[in-house]
Structures are given as structure tokens and as C-alpha cells.
Amino acid sequence: MNSQSDHKYRYIFGPVPSRRLGYSLGIDIIPLKTCNLNCVYCELGRTSAETMTRRAYVDSEAVLAELAQVIADSQRIDYLTFSGSGEPTLNSELGELIRRIKATTNIPVAVITNGTLLYLPEVRAALRQADLVMPSLDAASQDVFRRINRPHGHLQIDKIIEGLIDFRGDYSGPIWLEILFVCGINDSTAEVAQLVQAVQQIAPDRVQLNTVARPPAEADIQPLSRQMMQRLCTQFGEQAEIIASFHSTARSSEHNNLGEAILALTARRPVTVADMAMSLGASEKNIRQALPVLLRAGHLTARKHGRHTYYHMRRDHARTILPDELFVG
Ligand code: SF4
């Protein structure tokens, strides 16, 4: 990865270390927080553009051109992953993009989706072309669905679960279903029993249990304890796992411009200093030296959550000029 060019990309981010995918190159084909859900735990904040409209939100040719350039410049990419600022299946050109990407590279394509549109045959057809599909399902009852995911008014959880079951029926690739638990919302005995039943019907290859880790959209929501997660894990059967932290040896730094690299990384999601060090191959010491400058200049916000401080690019600073002092190698 080359930081000199990283900042100029609009649709591609990374490769970033991912807990589930190794080095994942993100493909972002939806404008920031364009989504049909408004999850209480969303690390991108509250949904600003709630919609059910599927359309070409971005210029697909520009996405493919950027992708080809980043692949050519990158040393290691384990997955090309549709994810990022909103719900990728809202982009009506997703299927065509996957098809064209797969015609030009052998790197596997993954799609991280909230899974809400799989009841649509055209969305299932688009996702069938991916090598790995990672949908979410945080609730099995409409009441809990409303409380945790705060969905668009047209979405019904029964229909969403049916869509996931239908997709399992006509997709031969792996499905890794993620369930994110929020304390006091979707962890009741009754809701978990319904979720277990839904998961049995969907029959994903893996069930990945998660809880609130990064600063969520709503400050007062709480994660489940490790013990509670372990107890839940046993209820979801053999294919269930608690998503572990990603570990990797640090790569040597390829970033001449650390400030730009930090901004590129924090534009998509809140990250800790340790996340930055691992992703950028830079020392924590150098990152800690760069951060005060970015914070003083108003490019970043810092937010404490649990024992960690998370840094996130301010949305209104997405296209700003960096202070000169950060351009020293
Ligand atoms: S977590 Fe994902 S599905 Fe939920 S609001 Fe955020 S972008 Fe949308």
C-alpha cells in the first residue's frame, strides 16, 4: 500500500487488518451512512440517509479503476471486501461489480451486509457471485429488531429471515452470519431462543458472535461480558464462535506521510492507536506524536470507550488540507 496515493482514493480503503478476513481491502460503494437500518451500536454514528432505494450510488467505472490501481500497488490482500460507510446491497450495481472484479483477479471477494435485502431475488443473484457472504442478524422478533436496528418502516424481520433461508438454498459458497449482542436489548432468554431457531433454519457455515466494542451510535449501550458471550456461544451450536481480536505481525512502514495514512484509516471507522500501528506498520510512538497535531487541527475526534480511546476523522474534515508539520517523512 502506498500512502502517497491512499488518500486520493474515494472508494477503496486499506488493506486494513480485519478480525475475520486478514488483510482486507475495502470497497465502499455507498455514501456515508446511507442505510436502511440505524443500529444503536453503529460505529459510524446515526444514519443520516435512511433509504430502501436501490440505485447506482457511485460511478462503478471509477471504483474499478481505483481498485485495479490499489491492487497493483499492494503487497498483500487476503480479501476484497464490500463494506464501509453504508449498506452495500443498496447499490444496484453490486452484482455487476463483483462479476467484473472476479473476471480480473483471483483475490476472493467478500460482502459484509446487514442482510435485510436478501428477500429480493435480484440481491440474492448479486451476492451469489461473491466468494464469501457475511450477513448480520441481531434479532428474531420484530420488537427487538426495532430496538436494536431501528429499521426503515418497510422492513419486517420475518421476511428478512426468510430471505436468508432462501439465500442459503441457492448459494453454495460460505455464509458467515454475525450476531451482535447489546446488553439488555437482544440477550433475553426468549430472544436468544428465537435467534437460535432462526440460525438453525438459515444454516450458515459459521455463526460469529460479537458485542459492542467500538464507540457506538448511542453512548449508553453496553457490551455483554465475556462469560455471557461464552454462555451464548454454546447455545448456537458447533459452528458458533466469538469473534476474536485480530493479531498479526507488524508490517514495515510504507507510509512517508503518517498523518495522511491516519486520516485515510480513520475516515471509515474509529480506531485505537494499536489498530493504527498494526494497520499502518508504524510504531505506536510515531502515531502518538502525530495524533495531537491532527486533533489540534480539528481533523480527528477522540472518544473514550471502555479502556480504549478511539480516533475518528471528523466528517466535515474529510477533504481538508493537512498541517505542513505532518508532511515530514
Ligand atoms: S451498523 Fe451497518 S447496518 Fe447498522 S446502521 Fe451502521 S451501517 Fe447500517
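Keep in mind it's a predicted model, so treat the numbers as computed, not measured.

### Points about the site of the ligand
Around the ligand, the surrounding shell consists of Lys 33, Cys 35, Leu 37, Asn 38, Cys 39, Tyr 41, Cys 42, Thr 47 and Asn 114. In terms of residue class, the shell around the ligand is built from five nonpolar, three polar and one charged.

### Notes on the pairing of strand β7 (residues 132-135)
Of the two faces of β7, the one lined by Leu 132 and Met 134 and the one lined by Val 133 and Pro 135 are each fully buried. In the sheet, strand β6 (residues 109-113) pairs with β7 via four bridges, with the strands oriented parallel. Bridging from a neighbouring strand, Ala 110 pairs with Leu 132 of β7. Chirality of the crossover, the property in question, places the unit of β6, helix α4 (residues 121-127) and β7 among those that are right-handed.

### Re the side chain of Thr 105
Note that Thr 105 resides in the loop between α3 (94-102) and β6. A distance of 3.0 Å separates the side chain of Thr 105 from the backbone nitrogen of Ile 107, its partner in a polar contact.

### Considering the packing of helix α10 (residues 273-280) against helix α11 (residues 284-296)
Running from amino to carboxyl end, α10 crosses α11 at an angle of 120°, the nearest separation of the two axes being 9 Å. Every pair of crossing elements has a handedness; the one defined by α10 and α11 is right-handed. Within the contact between the two elements, α10 uses Val 273, Ala 274, Met 276 and Ala 277 and α11 uses Glu 284, Ile 287, Arg 288 and Leu 291. Considered class by class, the residues forming the contact of α10 with α11 number six nonpolar, no polar and two charged.

### Details of the pattern of salt bridges
Tallying each qualifying case throughout the model produces 12 salt bridges. Of the charged contacts in the structure, one is a salt bridge between Arg 150 and Glu 218, with a shortest N-O distance of 2.9 Å. Within this pair, whereas Arg 150 is found in the loop between α5 (142-149) and α6 (157-170), its partner Glu 218 is found in the loop between β9 (206-211) and α8 (226-235), the two being separated by 68 residues in sequence. Residue classification places Glu 218 among the buried positions, given a relative accessible area of 11%. One salt bridge in this structure joins Arg 206 and Glu 241, with 3.8 Å as the shortest N-O distance. Separated by 35 residues along the polypeptide, Arg 206 in strand β9 and Glu 241 in strand β10 (residues 240-242) bring together distant segments of the chain. Three or more residues joined by partner-sharing salt bridges are found here, namely Arg 46, Arg 150 and Glu 218.

Calculation rules
Residues numbered from 1 in each chain as written. Predicted model: local features only at pLDDT ≥ 70, side-chain atom pairs only at ≥ 80, totals over all residues. Heavy atoms only, no water. Near = heavy atom within 4 Å. Nonpolar A, V, L, I, M, F, W, Y, C, P; charged D, E, K, R; others polar. Buried < 20%, exposed > 50% of the residue type's maximum accessible area, 1.4 Å probe, protein only. Helix = DSSP H or I, 4+ residues; strand = E, 2+ residues; numbered from the N terminus. Pairing = 2+ DSSP bridges. Right-handed = clockwise from strand over helix to strand, strands pointing away. Polar contact = N/O pair within 3.5 Å; in protein donor to acceptor, adjacent residues only side chain to side chain. Axes fitted to C-alpha atoms, helices over the stretch in contact; angles between N-to-C directions. Left-handed = near helix turned anticlockwise from the far one by under 90°. Contact = heavy atoms within 4.5 Å. Salt bridge = Lys/Arg side-chain N within 4 Å of Asp/Glu carboxyl O.

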